[in-house]
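Descriptive structure summary
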Amino acid sequence: MVGLFKDIIHRIAPCDEAYWKTLSQVLQTLNQKLAAIAQGEECIVKVNASSVSSISDKLVAFKTKSPPIQKEMLSICNDPYTLAQQLTYIELVRRGGGRMRRGLNRGHGGRERQKKKTTNLEAYVRWFNRLCYLVATEICMPAKKKQRAQVIEFFIDVARECFNIGNFNSLMAIISGMNMSPVSRLKKTWGKAKTAKFFILEHQMDPTGNFYNYRTALRGAAHRSQTANSNREKIVIPFFSLLIKDIYFLNEGCANRLPNGHVHFAKFVELARQVGEFMTWKQMECPFETDRSILHYLHTAPIFSEDGLYLASYESESPENQVEKDRWKALR
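The name recorded for the protein chain in an unreviewed UniProt entry is RasGEF domain family member 1C, from Oncorhynchus kisutch.

Topic: the side chain of S225
When you line up the elements, S225 lands in helix α11 (residues 208-227). Judged by relative accessible area, S225 falls into the buried class, the value being 13%. Leaving out residues up to four positions away in the same chain, S225 has contacts with E233, K234 and V236.

Looking at the packing of aromatic side chains
Throughout the structure, instances matching the rule amount to 13 aromatic pairs. Relative to Y214, the ring of F168 has its centre 5.5 Å away and its plane inclined at 80°; by these criteria the two rings are edge-to-face. Here F168, found in helix α7 (residues 168-178), pairs with Y214, found in helix α11; they are 46 residues apart in sequence, far enough to count as distant. By the burial criterion, F168 is buried, and Y214 matches it. Ring geometry for Y248 versus F249: centroids 5.0 Å apart, planes at 70°, classification edge-to-face. A residue is classified by how much of its surface remains accessible, and F249, at 52% relative accessible area, is exposed.

A word on the nonpolar core
One finds M73, L83, L87, F155, I174, M178 and L298 to be the most contacted residues of the largest nonpolar core, which totals 79 residues. Considering each element in turn, this core owes the most residues, 13 residues, to helix α5 (residues 110-140). When neighbours within four sequence positions are excluded, L83 is seen to be in contact with M73, C77, F154, F155, V158, I294 and L298.

Some thoughts on the pattern of salt bridges
Counted by the stated rule, this structure contains nine salt bridges. The closest approach of N and O atoms between K187 and E320, which form a salt bridge, is 3.6 Å. With a gap of 133 residues between them, K187 in helix α9 (residues 187-192) and E320 in the loop between α15 (306-316) and α16 (322-331) connect regions that are remote in the sequence. According to the relative accessible area criterion, K187 is exposed, its value standing at 55%. Note that R327 and D307 form a salt bridge whose closest N and O atoms lie 3.7 Å from each other. Of the two residues, R327 is situated in helix α16 and D307 in helix α15; the sequence distance between them amounts to 20 residues. What makes R327 partly exposed here is its relative accessible area of 30%. Its relative accessible area of 27% is what places D307 among the partly exposed residues.

Here's the deal with the environment of F304
Relative to the elements of secondary structure, F304 occurs in strand β4 (residues 303-304). A relative accessible area of 1% places F304 in the buried class. Expressed as a C-alpha distance, the spacing of F304 and M141, which sit 163 residues apart in the sequence, is 9.1 Å.

Conventions adopted
- Residues numbered from 1 in each chain as written.
- Predicted model: local features only at pLDDT ≥ 70, side-chain atom pairs only at ≥ 80, totals over all residues.
- Heavy atoms only, no water.
- Helix = DSSP H or I, 4+ residues; strand = E, 2+ residues; numbered from the N terminus.
- Buried < 20%, exposed > 50% of the residue type's maximum accessible area, 1.4 Å probe, protein only.
- Contact = heavy atoms within 4.5 Å.
- Phe/Tyr/Trp six-rings, centres within 6.5 Å; stacked < 30°, edge-to-face > 60°.
- Core = buried A, V, L, I, M, F, W, Y, C linked by side-chain atoms within 4.5 Å.
- Salt bridge = Lys/Arg side-chain N within 4 Å of Asp/Glu carboxyl O.

Below you can see the structure in the form of structure tokens.
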């Protein structure tokens, strides 16, 4: 982190305006993409050919509940800890290879280079979006209420294991998927599931107070990582979208120089701390063995679009009000 801080300060003098203009453009572009993806405007499925690192884009989103999906997660993996490990492997692979550094380094190649800088970061965020929809699809897919309740309980346990590992990005994706309207409206299904652990996890990731509870848990995981002897205890995977937004608003909200013309060192120290922590965490190699069948399923399993999720939800539990009835009619 100290080295990164020195590098930042070293670059200020010779290229103050050009450097920070480029950095601002990169962060602004990425922030706009984050907002678009969060609204569900993009739903990309990655197809695993031979390894997770060699993935091609393929859109596999269904508008309706047909064609039927032949497999479900529980038939591929019914152990929450194992699935949490595989999710952690994907997170570590996707954020590796210096992508964060390349996204924040300066460049002078115009729009095309700026586009390349954000591509890997955007793909990482699209993975978050896919996991959200995959979780929602797995819950809405079963025809029987008991089976849907079992899937809910399974993903609650997966989310808990992600929390214990320090994988906050997958944890937030799972919680977000379970909180999607087509899933949350399944009151009869939720009534059959044991949800006490879910509400505890949801509280940990509550956005209240600028994600105060999450930030406290993240600091705890960071401290554990610094003092750990086991590689499994060194894993820290932050909620990525929030990390990027923190860096974006820190860069945009604070001037590079103070009113007296001096360099705003406090800003650069905080930037160096946030980026430096991430650089340290991302260098961690996954200590878990990979399961190709689970990884393949996570990357290739078809997922419902938002309309498909609503249709599956309404077929599982009938619409309760006129708004839902009108929507169901329009989807059929």
